[in-house]
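What the coordinates show
The lines below spell out each chain.
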Amino acid sequence: MDKSPLLMAIEFDGSVKAGNLEAALGGRKVIDLNENPSASLEEIKYALVWKPDAELFRKLPALEILFSAGAGVDHIFQASNIPDVPIVRFVDHSLTTQMSEWVCLQCLMQLRRQRDYDKLQKEHHWKEIAQPMAADITVGIMGLGELGKDAASKLDALGFKVAGWSRSKKTIDNVDCYDNDELDIFLARTDILVGLLPFTPQTKGIYNRAMFEKLNRDNLLGGPVFINAGRGGSHVETDIIACLRDKTLSAVSLDVFEVEPLPQDSPLWDFENAILTPHSAAVTDINAMGKHLARQLERYETGLPLEHIVDRTSGY
Ligand code: NDP
Ligand code: OXD
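Here's a quick rundown of the structure. Please read these numbers as outputs of a predicted model, since none were measured by experiment. (Residues numbered from 1 in each chain as written. Chains lettered and ligands numbered in written order. Predicted model: local features only at pLDDT ≥ 70, side-chain atom pairs only at ≥ 80, totals over all residues. Heavy atoms only, no water.)

1. Topic: helix H9 (residues 286-301)
Quick note on the threshold: Put simply, DSSP marks the helices as runs of H or I at least four residues long and the strands as runs of E at least two long, and each gets a number from the N terminus on. Given a helix with a known number of residues, its expected span is that number minus one, times 1.5 Å. Buried means the residue's accessible area, taken with a 1.4 Å probe over protein chains only, is under 20% of the maximum for its type, while exposed means over 50%, and partly exposed covers the values in between. Throughout, a residue-residue contact means that at least one pair of heavy atoms, one from each residue, lies within 4.5 Å.
With 16 residues, H9 ought to run about 22 Å at 1.5 Å a step, and its terminal C-alpha atoms sit 22 Å apart, in line with that. Of the positions making up H9, those classed as buried are Ile-286, Ala-288, Met-289, Gly-290, His-292, Leu-293, Gln-296, Leu-297 and Arg-299. For H9, the elements touching its buried residues are strand E1 (6-10), helix H1 (18-24), strand E3 (46-50), strand E4 (65-68), strand E5 (87-88) and helix H3 (93-111). Phi turns positive, to about 85°, at Gly-303, one or two residues after H9.

2. Observations concerning the layout of surface pockets
Let me state the cut-off plainly: Buriedness of a pocket was judged along seven lines, with at least five required to meet protein on both sides within 12 Å; pockets are open sets of points on a 1 Å grid over the protein atoms alone, cavities are sets where a 1.4 Å probe fits but cannot get out, and lining residues have an atom within 4 Å of a point. Grid points are joined across faces, edges and corners, and a volume is the space filled by probe spheres set on the points. All residues other than Ala, Val, Leu, Ile, Met, Phe, Trp, Tyr, Cys, Pro, Asp, Glu, Lys and Arg, Gly among them, are scored as polar; the first ten of these are nonpolar and the last four charged.
Its volume calculated, the second largest pocket comes out at about 550 Å³. What lines the second largest pocket is a set of 19 residues, among which Arg-115, Asp-116, Ser-250, Ala-251 and Asn-273 lie closest to the centre. Within the residue set of the lining of the second largest pocket, elements represented by two or more residues are H3 and helix H4 (114-122). Element by element, the count of residues in the lining of the second largest pocket is highest for H4, at six residues. Residues that form the lining of the second largest pocket fall into these classes: six nonpolar, five polar and eight charged.

3. Re the pattern of salt bridges
For clarity, the cut-off: Think of a salt bridge as a Lys or Arg side-chain nitrogen and an Asp or Glu carboxyl oxygen that are within 4 Å of each other.
Per the counting criterion, the structure on display carries twelve salt bridges. Linking Glu-182 and Lys-169 is a salt bridge whose minimum nitrogen-to-oxygen distance equals 3.1 Å. Taken together, the residues Glu-182 in the loop between strand E8 (175-178) and helix H6 (183-188) and Lys-169 in the loop between strand E7 (161-165) and E8 connect sequence positions 13 residues apart. Residue classification places Glu-182 among the partly exposed positions, given a relative accessible area of 21%. According to the relative accessible area criterion, Lys-169 is partly exposed, its value standing at 46%. A salt bridge links Arg-209 to Asp-246, with the shortest nitrogen-to-oxygen separation between them at 2.7 Å. Of this pair, Arg-209 sits in helix H7 (residues 209-212) while Asp-246 sits in the loop between helix H8 (237-245) and strand E11 (251-254); the two residues are 37 residues apart in sequence, bridging distant segments of the chain. What makes Arg-209 partly exposed here is its relative accessible area of 22%. Three or more residues are tied together by salt bridges with common partners; here these are Arg-209, Glu-213 and Asp-246.

Honestly, that's just the spatial picture; any functional story needs more than this.
The structure is reproduced here in structure tokens:
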């Protein structure tokens, strides 16, 4: 019997090709909506989406599973007429590992004063700068899910003191975990704040001046550092800019922005103490995506429960 095809409706850079997915899906047909905009959609049961078009869901009356092309699902909740079917997000070692690399890199850049050394190098200036020990610095991670937990353990392995905050309290070796009620205690001891929260109505604009002012100022980094790789909608860019100017924040590393691509005229581009990357901290790997889809479809079609289902009430 022919396997039910998968619809691919993703707004990516073109590196995700239907053919790559078909190979991983054991020959199951993959219909790329970008390449076949007039494909017949009435019988489509499975769809892989990223930033779905407002009209897409109206055209999918037979949909049974909605797969997110990334770990985040805010791009789906911004659409209308979302069908009442399971939404499965992308969880994979490849994505988790890349994110932890990015977070550790940003923390080490701050710890080892890399931007200051870059400046000295440009000036051909041989000079040692005092650098704190990792054990003197507390990294506080907001969001202890798939990504936050892994980053926490790797920062611990690098010698940082690590704290974490999430809706429900977690237990992670060598990480001091806090829940919703303990946010201020968590912030007061945090030198480097790392944002790995999903974007939901509750996390919209959560990283703002009021929060930055609660971070530990008395640290060996010259002030608090803010790092965000969750979603740009969770931070307030005008506050970040003002806090960099008045030294409430000593530095930032941002991978996500309120508007992406970051507008050309954003002042963020020009701060020496701002490290910016173009939403590339962790990128969906097409081969890993193929394996993930193959596994979930195999489970579904043999009557096993799907994994990584989004809780629609919490929105992540
Ligand atoms: P998870 O769903 O596994 O984890 C989310 C974490 O955030 C959980 O610990 C959850 O708490 C916590 N959380 C959510 N809402 C709140 C809240 N209101 N208050 C307190 N804690 C909250 O997500 P992932 O770790 O897989 O991914 C996190 C986000 O990272 C994604 O949603 C996406 O936006 C972003 N991302 C960015 C990428 C990039 O390249 N920049 C790549 C991949 C993902 P609890 O555990 O109690 O539920
Ligand atoms: C994701 C992302 O959510 O890349 O996976 O942002």
